[in-house]
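# Notes for the structure review
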Amino acid sequence: MNLPPRIRTWLAERLDIGVAEKFADGQLHKPLPAETGFWHTFGSLSLFLFLNQVVTGILLMIYYRPTTNTAFESVRFIMTKAHFGWLIRGLHAWGATLMILCVLIHMMRTFFMGAYKKPRELTWVFGVFIFGCTVTFGFTGYLLPWNQLSYWATTVGTEITGAIPLVGQYLKVLLRGGEGVTGETLARFYVLHVVVLPWVLTMLIVTHLFLMRVQGLATFERVGEEKPIDKSHGIPFFPHHVLKEGVVFCALIGLLVTLILLWPIELGEKADPFVTPEGIKPEWYFLPTYQLLKYFPKTLGLFVSLIPQLLLLLWAFLDRSPERHPKKRPIAVSIGIAALLLAIVFGLLGHFSERDITFRGRHYHIDIYGVPHRLSEQPKH
Amino acid sequence: MNEEQRISRRTFLDWLVAGGLLTWAVAFVAPVISYVWPAQKRGPSVQTVSAGKADEFAEWQTKIVAIGGHPVIVIRTPQGFRAFAAICTHLGCIVGWDAARHQIACPCHAGFFDINGRPVAGPPPRQLAEHGVAVVNGEVLVKSA
Amino acid sequence: MIKVALALLVATATATSAADISCLKCHEKENALYAPSAHAQAGLTCLDCHGGDPKATDVTAHATDNFKRPDNKKAIAELCASCHGDVRRMNPYGLPTDQLDRYKTSKHGEQLFAQNDQKVAVCIDCHGVHDILKVKSPQAHVYPTNIPQTCGRCHGDVKLMQEYKLPTDIITQYKSSYHAYMVFEKGDLSAPTCVTCHGSHGATPPGTAQVGQVCGKCHVRQRELFEKSPHAEAAAAGLFNECVSCHGNHGIQKASVELFAKTCVQCHAKDPKQLQLRDDIAGLIRRAQDGCSNAVTVVHDATVRGLATDDEELLLQEAKTQVTQLEAMQHLLAVDQLQPVVKRSDEIVKLTLADVADLERIERWKRHALTPIWAFLALMAIIFWAKRRQLEQGRKP
């Protein structure tokens, strides 16, 4: 670190600057394993998107007013009156989607490369919590624009907690701040979204990063046979790896801006508790769970949908083989691919369920379970 | 490639990186500043809308101003300014001013409202919602609700 | 001594209050109905209508000269009028005193006083007997929302109405009408019930000559315009029944352009010139309506997408005002008077659509920013990549 000499002297008279410099230097130039590639950048991308959420979130808070009378109107103000408000909201809304996507890809990378194995089980567990926290962010943030879609998606989403045996009803009331989704729910979700979750996620991320830095990145070497990285062979984090991340950042920002401009986030219609719109669907990352819940009775469905989450959380402890390279772990990799495919299939079923579609000139109605039924007439729109 | 060329290429690239990052920073900060700068000097919770200068109104002169996409009729009575939502309570037509009767008149079904907004003739079932008006420094300010 | 005098005083003071009257010994049921009534509130007791001896504790109470229990409807009307026809007595309550006179002009009153028909409605049949409430009280039999039921007690009774050759489906017709919708669904008590058109005490069906007056009480503008139309003369000549001929009466529905197709042919079926006029008028109205509703959809879509449509919403209000005016103005039957309004509405709609198109153009224009942004990002990516390669080369020995 090259601080200007005067500042350096000033600081050195007051602090043991040597330790700080040594630490910062070590972290900045920390050598990464030679196989650190593009797939390894999704962690940083997630972090970058988190920072994007923080900054744009703070900017949105300047004009946003979390009451039933003003929430929708203030979002409308942001979209129509505040300069570049559409851009800030777009960055926040599309950034949220991309962040969840990046976290997911980062998790898959970790899974398929066996990076979660000893000694990094805790990093994995924290990562799973980070994922849960990110999704909760998405869920609480979705309500805030207070439009029809957000209102009803939240009504349906919070209804599910009511199915939990014994405490379900209490939990639902606690979450909603009453029997129905009201201004109380909005206030609660707002507090969770802008105060509680940001700090929780910050703590989780700090711990996750700390562990990652202390233990170093995993390689394909077998558990217990990892060799320390030789400074001459490793890739320095700065500037080498950071430059590689810079290239990926460019692509990510390009994608983000393209999404904002070509598929702008809508304002929607103001929430109306007396008018239920048709075809309420949750956000894409909830679709697999949403579809899964349909095939089981309420309480059972809840337990079934908990299984993948528990498996995810405990996976680092369940898989105890020492191999990391995917080619040497056929069972784990097959399970991973199967889970991924299942999630995609359920997600697609959830997306197309309760819709009329036209496929090869024939009209079908897809029922709640995702089974298509031939229609004799053209579907009405 | 000799040593000098290599060094010049290196510094050139460094300049590019620095310049690019700077451009990037500006491209980010500029919209943020313009976003934070009060748009039209009023936020999402609009308090008042100006209906013009008070001395531009003669006695019994009226003016229709838009507040959040809704018309509001401002009337200068001998006792001062009054303002009412200019949407007839019957079928939602925009009301106007009947100078001869000194009443707010709806052109659609001949509904009339007195200068307190109360329906006095025709089909309107309810009175017009009143907006507060204040004259501040010679400017007529109408409350948004 | 003083105590006794006081007790006596108290006793006489309360002697006439309802609770102490001996009537209650037997007539508790009647008193229960009477207690919340308007007459009880005004301080009247049984004696004021019925007379009798308030101190007698058995049937002998009825055995006085002033005891009244009229079973003749004529006598009932006169009993009520003995107070309600007295200006001095009614003045403090701000009540009119001409009810009996009005009643005598009504069909009910004519039947009763001329034919001594005891089946017709008299005061108590509509207002109640002991349980008479003020008209403003929502429980009153004569409160607007209760009127159709009150009238329907007789006018919905097939057997009773057969004698007078009167229809009994008018109550159900009314219940299906737009007027009833306004009263019962929208809670608009200024919308008409039976009495608004037929009168209450002077209840009589409005004749052909009065229809325009009756409807025009509320539909002022339509009446005014109709009077200026060529129809006014024909109606005055008794050729058709003014408003009712096109709009119907008891089962009246919200007027729409469809009405032209159904009603004009009743008189003008063989008159191509008039039918052409009808088509022209209907066409103008339809054009304005369609233009307006199309603009409403376009603006709504733009609003949902998050575009700034405040000004356009104001324009729409103006366009809607034109269309609503048009709906009343067609009573004039003058195409040349409708045209400017339609033109104005067209202009506003055009302006609105152009405004929205402008907003959309800005949205599309924003997309052009993508090219320079991508170019810049690609350049940055190349620079980063080049820098990295350069560093890699530098690292190799």
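Definitions and cut-offs
Residues numbered from 1 in each chain as written. Chains lettered and ligands numbered in written order. Predicted model: local features only at pLDDT ≥ 70, side-chain atom pairs only at ≥ 80, totals over all residues. Heavy atoms only, no water. Axes fitted to C-alpha atoms, helices over the stretch in contact; angles between N-to-C directions. Helix = DSSP H or I, 4+ residues; strand = E, 2+ residues; numbered from the N terminus. Parallel < 35°, antiparallel > 145°, perpendicular 65-115°, else oblique. Left-handed = near helix turned anticlockwise from the far one by under 90°. Contact = heavy atoms within 4.5 Å. Nonpolar A, V, L, I, M, F, W, Y, C, P; charged D, E, K, R; others polar. Buried area = accessible area lost by both parts, 1.4 Å probe. Salt bridge = Lys/Arg side-chain N within 4 Å of Asp/Glu carboxyl O. Polar contact = N/O pair within 3.5 Å; in protein donor to acceptor, adjacent residues only side chain to side chain. Domains from an automatic or database assignment. Pairing = 2+ DSSP bridges. Core = buried A, V, L, I, M, F, W, Y, C linked by side-chain atoms within 4.5 Å. Buried < 20%, exposed > 50% of the residue type's maximum accessible area, 1.4 Å probe, protein only. Phe/Tyr/Trp six-rings, centres within 6.5 Å; stacked < 30°, edge-to-face > 60°. Lys NZ or Arg CZ within 6 Å of the ring centre and 35° of its normal. Patch = residues over 30% accessible without salt bridge, like charges linked within 9 Å, V, L, I, M, F, W, Y side chains within 5 Å. Areas by Shrake-Rupley, 256 points an atom, 1.4 Å probe, with all protein chains shown as cover. Disulfide = S-S within 2.5 Å.

### Considering the packing of helix H11 (residues 287-294) of chain A against helix H12 (residues 298-318) of chain A
Residues and elements named next belong to chain A. H12 packs onto H11 with a crossing angle of 140° between their chain directions and a minimal axis gap of 8 Å. As judged from the angle between their axes, H11 and H12 are oblique. As H11 runs across H12, the sense of the crossing is right-handed. Packed against H11, whose contacting residues are Thr289, Leu292 and Leu293, the element H12 presents Gly301, Leu302, Val304 and Ser305 at the interface. Along the lines of polarity and charge, the residues of the contact of H11 with H12 split into 4 nonpolar, 3 polar and no charged.

### Regarding the interface of chain A and chain C
Facing 33 residues of chain A, the contacting portion of chain C comprises 25 residues. Across the chain A to chain C interface the summed buried area is about 2400 Å²; carbon plus sulfur atoms make up 67%. Put simply, chain A and chain C have 3 salt bridges between them. Our enumeration of links across chain A and chain C arrives at 8 residue pairs in polar contact (both at pLDDT 80 or more). Of the residues that constitute the side of chain A that touches chain C, the class distribution is 17 nonpolar, 10 polar and 6 charged.

### Remarks on the domain arrangement of chain A
Per the domain assignment, the segments of chain A are domain 1 (1-27) and domain 2 (33-291). Once you take the C-alpha centre of each, domain 1 of chain A and domain 2 of chain A turn out to be 36 Å apart.

### Section: unusual backbone geometry
Note the cis peptide between Lys118 of chain A and Pro119 of chain A, where omega equals 10°. Summarising the element assignment, Pro119 of chain A is placed in the loop between helix H5 (85-112) and helix H6 (121-143). Residue Pro239 of chain A is reached from Phe238 of chain A by a cis peptide bond, and omega for that bond is 0°. A positive phi angle, close to 55°, is found at Asn116 of chain C, a residue other than glycine. Looking at where Asn116 of chain C falls in the secondary structure, it is placed in the loop between helix H8 (107-115) and helix H9 (123-127). For Glu242 of chain C, which is not glycine, the phi torsion reads 35° and is therefore positive.

### Let's talk about the sheet that holds strand S3 (residues 70-77) of chain B
Ordered by their spatial adjacency, 4 strands build an open sheet running S2-S3-S4-S9 (chain B), and the pairing between neighbours is antiparallel. Whereas interior strands pair on both sides, the edge strands pair on one side only; in this sheet they are strand S2 (62-67) and strand S9 (130-131) of chain B.

### Comments concerning the nonpolar core
The biggest cluster of nonpolar side chains holds 35 residues, and the ones touching the most others in it are Trp124 and Leu201 of chain A. Of all the elements in the fold, those that place two or more residues in this core are helix H3 (42-63), H5, H6, helix H9 (183-215), helix H10 (237-262) and H12 of chain A. With 31 residues, the next largest nonpolar core counts Ile281, Ala295, Leu338 and Val349 of chain C among its residues.

### Digging into the packing of aromatic side chains
For the structure on display, the rule yields 25 aromatic pairs over all chains. By the ring-pair criterion, three or more aromatic residues cluster together here, those being Phe111, Phe112, Tyr116, Trp124 and Trp315 of chain A. Sitting above the plane of the Trp86 of chain A ring, Lys366 of chain C keeps its charged end 3.7 Å from the centroid.

### Observations regarding a nonpolar patch on the surface
All names here are of chain A. Nonpolar side chains collect at one region of the surface, where Phe303, Leu306, Ile307, Leu310, Leu311, Leu314, Phe317 and Leu318 lie side by side and expose about 740 Å² of accessible area between them. As for its position among the elements, Leu311 is in helix H12. Residue classification places Leu311 among the partly exposed residues on the basis of a relative accessible area of 40%.

### Details of the pattern of salt bridges
In this structure the tally under the stated criterion is 32 salt bridges over all chains. The salt bridge partner of Lys294 of chain A is Glu354 of chain A, with a shortest N-O separation of 3.7 Å. Placement of Lys294 of chain A in helix H11 and of Glu354 of chain A in the loop between helix H13 (330-352) and strand S3 (355-359) is noted, with a sequence separation of 60 residues between them. Residue Lys294 of chain A is classed as buried on the basis of its relative accessible area, which comes to 15%. The partly exposed category is assigned to Glu354 of chain A, whose relative accessible area is 39%. Among the salt bridges present, the one from Glu347 of chain C reaches Arg344 of chain C, with a minimum N-O distance of 4.0 Å. With Glu347 of chain C and Arg344 of chain C both in helix H23 (residues 335-367), this residue pair falls 3 residues apart, about one helical turn. A relative accessible area of 35% means that Arg344 of chain C is categorised as partly exposed. When salt bridges with common partners are traced through the structure, they connect Arg76 and Lys81 of chain A together with Asp310 and Glu313 of chain C into a single cluster.

### Things to note about the state of the cysteines
Per the stated rule, a full pass over the model turns up 1 disulfide over all chains. Here Cys93 of chain B connects covalently by a disulfide to Cys108 of chain B, the sulfurs 2.1 Å from one another. A torsion of -100° about the S-S bond marks the disulfide between Cys93 of chain B and Cys108 of chain B as left-handed. In this pair, Cys93 of chain B sits in the loop between strand S4 (80-85) and strand S5 (96-98) while Cys108 of chain B sits in the loop between strand S6 (103-105) and strand S7 (112-113), placing the two residues 15 residues apart along the sequence. Classification of Cys108 of chain B as buried rests on a relative accessible area of 0%. The thiol of Cys218 of chain C is not disulfide-bonded; the next cysteine sulfur, from Cys197 of chain C, is found 7.6 Å away.

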